[in-house]
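# Geometric and topological summary
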Amino acid sequence: MSVLVFSHPDGLLHDTPKGHPERVERLHAVEQGLSGLAFTRRECPLGNWDDVLRAHDPDYVAKVRDAAPETDRVQMDADTWMSPGTLNAALRAVGGACAAVDAVLAGEARRAFVATRPPGHHAERNKSMGFCLFGNVAIAALRALDHHGLKRVAIVDFDVHHGNGTQDILWEEPRCLFVTSQQMPLWPGTGETNQKGAHGQIINIPLRPNSDGAAMRAAYQQQVFPALRAYSPQLLLISAGFDAHERDPLAELAWTTADYRWLTEELVQIADETAGGRVVSVLEGGYDLQALTEAVAAHVGAMTKVE
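A brief look at the structure comes next.

About the thresholds
Residues numbered from 1 in each chain as written. Predicted model: local features only at pLDDT ≥ 70, side-chain atom pairs only at ≥ 80, totals over all residues. Heavy atoms only, no water. Helix = DSSP H or I, 4+ residues; strand = E, 2+ residues; numbered from the N terminus. Rg over C-alpha atoms; globule rule 2.2 N^0.38 Å. Buried < 20%, exposed > 50% of the residue type's maximum accessible area, 1.4 Å probe, protein only. Contact = heavy atoms within 4.5 Å. Axes fitted to C-alpha atoms, helices over the stretch in contact; angles between N-to-C directions. Left-handed = near helix turned anticlockwise from the far one by under 90°. Nonpolar A, V, L, I, M, F, W, Y, C, P; charged D, E, K, R; others polar. Phe/Tyr/Trp six-rings, centres within 6.5 Å; stacked < 30°, edge-to-face > 60°. Lys NZ or Arg CZ within 6 Å of the ring centre and 35° of its normal. Polar contact = N/O pair within 3.5 Å; in protein donor to acceptor, adjacent residues only side chain to side chain. Expected span 1.5 Å × (residues − 1).

## What to know about the overall build of the protein chain
Each helix and strand in the protein chain was counted, giving nine helices and 10 strands. Its C-alpha atoms give the protein chain a radius of gyration of 17 Å, near enough to 19 Å, the size a compact globule of 307 residues would have. Here the C-alpha coordinates of the protein chain stretch approximately 50 × 40 × 40 Å along the principal axes. When each of the 307 residues of the protein chain is scored for burial, the buried share is 60%. A fraction of 78% describes how many contacts in the protein chain between residues 6 or more apart in sequence connect residues 24 or more apart.

Printed below as a string of structure tokens:
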């Protein structure tokens, strides 16, 4: 069974202003990273509103739907924009994440990567933030729990920015372990170790600016991997942001492409031990195009090679 890659051309229709870091070219860079790898491609369906409403308040969902422009762009917050193609792109991202969960849980593949934009891990239950409209990974986790009846799902978020939206959506959710590493201090300013969730099911791992892959490996070996093994998830989801790379312009960590390969191999190994190998990874950040290409190649390549 090969790795499934979910994508859709609608992701290219989410048009942000000139100079915005979350731009169409990111998907072209991802495709370059995927070239030459062995995988099976699938098209992202449109996400359904029932899945979105598991994670977001109805008033917020109505606000996003009503804001979708027919021409030009509208600004949802300081960093997040909508163009005429954005709502469909966001729904493809939701649909891709949920379809990947469905396929992996049906045994059609052990692992999947969802190559979509806009990203999702900053979108809170009732607020857009940080380029994100809908919490793609949180929505996928809730689909696995509510629709498929799983009892234990884990999310690992290694984006350089804190997954405040995922944390907000899942704060009260005892069936999901959320483990997130992030540079601190850095926008959005959340992610302290004392933010543990209503049931102690959230683990925040702050990393100092300018820390490198060795610091990351130590933190994951000491804190993340033991917590995952102890929790023994039935499905592992990954918020795959590649902006901790040393080349990325929006942060100050110094991970290398090799660090992403190592981290992916380790996470897949834990999924093999606890979850029948079931991993769904969803694209988040990563804003240097060369680094994004290289890190995606390392990340998805590791998922294809570790069997």
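## Description of unusual backbone geometry
For the peptide bond that leads from R117 to P118, omega is 5°, which places it in the cis range. Geometrically, the link from W187 to P188 is a cis peptide bond, its omega value of 5° lying close to zero. You will see that N210, though not glycine, has its phi angle at about 70°, which is positive. Examined against the element boundaries, N210 turns out to sit in the loop between β8 (202-207) and α7 (213-231). Given the relative accessible area of 62%, N210 is considered exposed.

## A word on the packing of helix α4 (residues 86-105) against helix α5 (residues 136-147)
At a minimum axis distance of 9 Å, the contact between α4 and α5 shows a crossing angle of 35°. Here the hand of the crossing between α4 and α5 comes out right-handed. Contacts between α4 and α5 pair A90, A93, V94, A97, C98, V101, D102 and L105 from the former with N136, I139, A140, R143 and A144 from the latter. The residue makeup of the contact of α4 with α5, split by class, is 10 nonpolar, one polar and two charged.

## Side note on the packing of aromatic side chains
Following the criterion strictly, the structure yields eight aromatic pairs and no others. Judged by centre distance (5.7 Å) and plane angle (80°), the rings of F131 and Y287 are edge-to-face. You can see F131 sitting in the loop between β5 (111-114) and α5 and its partner Y287 sitting in the loop between β10 (279-283) and α9 (289-305), a full 156 residues away along the chain. Each member of the pair, F131 together with Y287, is buried. Ring centres of Y220 and F225 lie 5.9 Å apart, and the angle between their planes is 55°; on these two criteria the pair is classed as tilted. With respect to class, Y220 is no different from F225; both count as buried. Taken together, F158, F242, W255 and Y260 form an aromatic cluster joined through their ring pairs. Lying over the aromatic face of W49, R65 brings its terminal NZ or CZ to 4.2 Å of the ring centre.

## A look at the environment of T304
Secondary-structure assignment places T304 in helix α9. With residues near it in sequence (within four places) discarded, T304 still touches V3 and A38. In terms of polar contacts, T304 uses its side chain to reach the backbone carbonyl oxygen of G301, at 2.7 Å.

## What to know about α5
Helix length check: α5 (12 residues) gives 15 Å between terminal C-alpha atoms against 16 Å at 1.5 Å per residue, within 8%. Here α5 lies mainly inside the structure; 10 of its 12 residues are buried. Those residues of α5 not exposed but buried are N136, V137, A138, I139, A140, A141, L142, R143, A144 and L145. Positioned one or two residues after α5, G149 has a phi angle of 80°, which is positive.

Geometry only, nothing functional implied.
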